[in-house]
Amino acid sequence: MAANEQVSNIFDTILVLDFGSQYSHLITRRLREFNIYAEMLPCTQKISELGWTPKGVILSGGPYSVYAEDAPHVDHAIFDLNVPILGICYGMQELAWINGKQVGRGEKREYGPATLKVLEDSNALFKGMNDSTVWMSHGDKLHGLPTGYRTIATSDNSPYCGIAHETKPIYGIQFHPEVTHSTLGKTLLKNFAVDLCHAKQNWTMENFIETEIKRIRKLVGPTAEVIGAVSGGVDSTVASKLMTEAIGDRFHAILVDNGVLRLNEAANVKKTLVEGLKINLMVVDASEEFLTKLKGVTDPEKKRKIIGNTFIHVFEREAEKIKPKDGKEIQFLLQGTLYPDVIESISFKGPSQTIKTHHNVGGLLENMKLKLIEPLRELFKDEVRHLGELLGIPHDLVWRHPFPGPGIAIRVLGEVTKEQVEIARKADNIYIEEIKQAGLYNQISQAFACLLPVKSVGVMGDQRTYDQVIALRAIETTDFMTADWFPFEHSFLKKVAARIVNEVDGVARVTYDITSKPPATVEWE
Ligand code: GLN
């Protein structure tokens with residue numbers, strides 16, 4: 001856990017307990033969309049160890065069967081919180097299991113749309129939802145009503161599509177309101193969080209800036225110093241700007257030029273961050289050091305390791321040079337961790353699976369005896385972008401495509417040399433320039449050029465050429481888990497190919513990558 005005071009103590013919070021459904025994080029996502037702060041924790045969370053009181057609790061779906069021997073179960077202390085509870089699918093089956101155990105295998109699985117029949121017009125949970133389409137995904141079902149509950153909605157296949165406790169604000173629904181296939185699912189979550197839990201809809205980035213700056217100041221105290229790496233990407237820039245707003249020059253940003261950044265990147269970052277955003281930034285040119293270490297290495301995993309390790313080494317060495325004026329040591333390390341990484345590390349993976357940790361800064365924290373500060377760890381990417389706009393970060397930077405940590409080193413296939421990086425960089429720059437020119441940049445999730453170290457014959461000005469190949473990649477995706485290639489107009493590809501071959505020495509051919517993910521990945525290495 002980061003050395004942050006809980007945001008949940010500041011904003012009204014809905015607690016989402018995750019039983020491992022692939023949709024669990026969407027519950028949190030939807031609630032945030034109407035300005036309710038929600039936090040997801042594993043279903044095994046002990047309520048006594050929470051450190052804050054939720055305004056309501058949602059039990060997510062999950063792949064298990066509540067009656068199975070190793071099925072996960074919720075801490076019964078949620079019922080002593082005296083706040084509204086909503087069980088979704090597995091969550092409802094869990095409520096039923098606790099109150100009479102009438103849950104078992106259904107005759108057939110139910111997967112797909114169903115029509116919701118609301119039985120009690122006055123029921124606040126389903127306000128405005130009668131006859132709407134809801135999404136089902138279950139194999140188990142309730143064989144009877146749990147003790148103390150009544151039915152409040154049905155569907156053709158689910159007689160207990162919605163249930164409510166007779167006297168307490170406890171509800172169960174068989175369908176998934178968090179997926180967009182449930183057309184009014186968001187209405188249900190809002191009815192629950194706003195009308196039944198009375199949570200304040202004050203989770204806005206405007207409010208977040210204010211409370212976060214206060215929180216950072218309190219945490220860091222009046223004298224301590226903070227250090228952090230910037231990459232030129234949106235997350236580290238937003239985190240750095242927030243730190244600067246909070247503690248000014250006691251925040252020290254370091255940009256390590258690893259020799260495999262984009263064309264003119266170090267100079268551009270310096271200009272934007274120092275001149276534009278007044279961030280206390282030091283740029284370290286370690287490109288020779290990185291490129292020397294990468295000499296002769298062709299294996300992608302080895303490249304990644306070398307870059308990661310060299311980065312830690314250079315960062316530690318340069319951090320040594322930043323001695324706070326009062327002779328004190330630097331005490332915190334800023335990390336731009338986002339909520340999806342946090343979710344990934346805490347979501348419930350079942351009894352047999354270990355939970356993986358989400359960051360690789362462990363070495364830095366230990367060696368340098370630093371404490372971690374992660375001001376974006378509660379935010380989704382679109383919230384970070386909104387925050388960036390509010391903090392005055394240039395629009396282009398806020399909406400920039402993601403760029404991998406090992407940079408162009410994994411976009412130059414085979415050995416990485418200065419010359420090869422230069423070719424990949426120039427081609428990439430032309431490609432991105434043309435994409436922006438054509439007004440397509442924001443329609444594409446990620447685009448880049450790769451250099452393939454194969455030689456191909458060409459002819460230029462009556463001369464035979466024998467040079468390498470550039471592969472262009474552009475993908476559309478919402479979550480980067482799956483992706484499809486972007487359908488450029490042929491005339492666009494024609495223009496880009498002509499420019500690259502003409503303007504970049506060493507390139508004989510240009511190809512366009514038309515593979516989706518899966519089976520391919522976004523990056524080539
Ligand atoms: N595993 C349970 C079932 O099959 C719950 C499924 C779910 O939560 N989506 O009914």
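In this text the structure is predicted, and so the values were computed from the model without any measurement.

The next point concerns the environment of Leu387. Among the structural elements, Leu387 can be located in helix α11 (residues 381–390). Considered as a pair, Leu387 and Thr133 are 254 residues apart in the sequence and their alpha carbons are 34 Å apart. With near-sequence residues (within four places) excluded, Leu387 lies in contact with Met205, Phe208, Ile209, Val238, Leu242, Leu376 and Leu379.

Before going further, it helps to examine the site of the ligand. Taken together, Gly61, Gly62, Pro63, Tyr64, Cys89, Tyr90, Gln93, Ser137, His138, Gly139, Asp140 and His176 make up the full set of residues near the ligand. Measuring from an oxygen atom of the ligand, one finds a backbone N or O atom of Asp140 at 2.9 Å. A distance of 3.1 Å separates a nitrogen atom of the ligand from a polar atom in the side chain of His176. Computed on the free molecule, the ligand has an accessible area of 300 Å², of which 89% lies beneath the protein chains in the complex. Listing elements by their share of the shell around the ligand, those giving two or more residues are α2 (90–98) and β7 (133–142). Take the shell around the ligand: its biggest share by element is four residues, from β7. Residues belonging to the shell around the ligand are distributed by class as follows: four nonpolar, seven polar and one charged.

To continue, consider empty space enclosed by the protein. Per the counting criterion, the structure on display carries one cavity of 30 Å³ or more. Here the largest cavity defines a volume of roughly 40 Å³. Contributing to the lining of the largest cavity are His138, Lys141, Leu142, Ser158, Pro159, Tyr160 and Gln174. Partitioning the lining of the largest cavity into residue classes produces three nonpolar, three polar and one charged.

Take the packing of helix α7 (residues 287–294) against helix α8 (residues 300–321) next. At their nearest, the axes of α7 and α8 sit 10 Å apart, and the two run at 150° to each other. Seen from above, α7 lies across α8 with right-handed handedness. When α7 is examined against α8, the residues Glu289, Phe290, Lys293 and Leu294 are found in contact with a partner set consisting of Lys303, Ile306, Ile307, Thr310, Phe311, His313, Val314 and Arg317. Class assignment of the residues belonging to the contact of α7 with α8 gives a composition of six nonpolar, two polar and four charged.

The next subject is the UniProt feature "binding site: ATP" (unreviewed entry) in the protein. Those places that UniProt annotates as "binding site: ATP" (unreviewed entry) correspond, in this numbering, to Ser231, Gly232, Gly233, Val234, Asp235, Ser236 and Thr237. Taken from the residues named earlier, the lining of the second largest pocket is made up of Gly232. Mapped onto the fold, Ser231 is located in the loop between β11 (225–229) and α5 (234–247). Here Ser231 falls in the partly exposed class, since its relative accessible area comes to 41%. Ser231 has contacts with Ser236, Leu255 and Glu265, leaving out every residue within four places of it along the chain. Looking at Ser231, its side chain comes within polar contact range of the main-chain nitrogen of Gly233, at 3.1 Å. In this structure, Val234 sits in helix α5. Aside from chain neighbours lying at most four places away, what touches Val234 is Lys381, Val384, Leu397 and Val398.

About the thresholds
- Residues numbered from 1 in each chain as written.
- Predicted model: local features only at pLDDT ≥ 70, side-chain atom pairs only at ≥ 80, totals over all residues.
- Heavy atoms only, no water.
- Helix = DSSP H or I, 4+ residues; strand = E, 2+ residues; numbered from the N terminus.
- Contact = heavy atoms within 4.5 Å.
- Near = heavy atom within 4 Å.
- Polar contact = N/O pair within 3.5 Å; in protein donor to acceptor, adjacent residues only side chain to side chain.
- Areas by Shrake-Rupley, 256 points an atom, 1.4 Å probe, with all protein chains shown as cover.
- Nonpolar A, V, L, I, M, F, W, Y, C, P; charged D, E, K, R; others polar.
- 1 Å grid on protein atoms, 1.4 Å probe; cavity = no way out; pocket = protein on both sides within 12 Å on 5 of 7 lines; lining within 4 Å.
- Points joined across faces, edges and corners; volume = space filled by probe spheres on them.
- Axes fitted to C-alpha atoms, helices over the stretch in contact; angles between N-to-C directions.
- Left-handed = near helix turned anticlockwise from the far one by under 90°.
- UniProt positions renumbered as here; feature names shortened; annotations may be inferred.
- Buried < 20%, exposed > 50% of the residue type's maximum accessible area, 1.4 Å probe, protein only.

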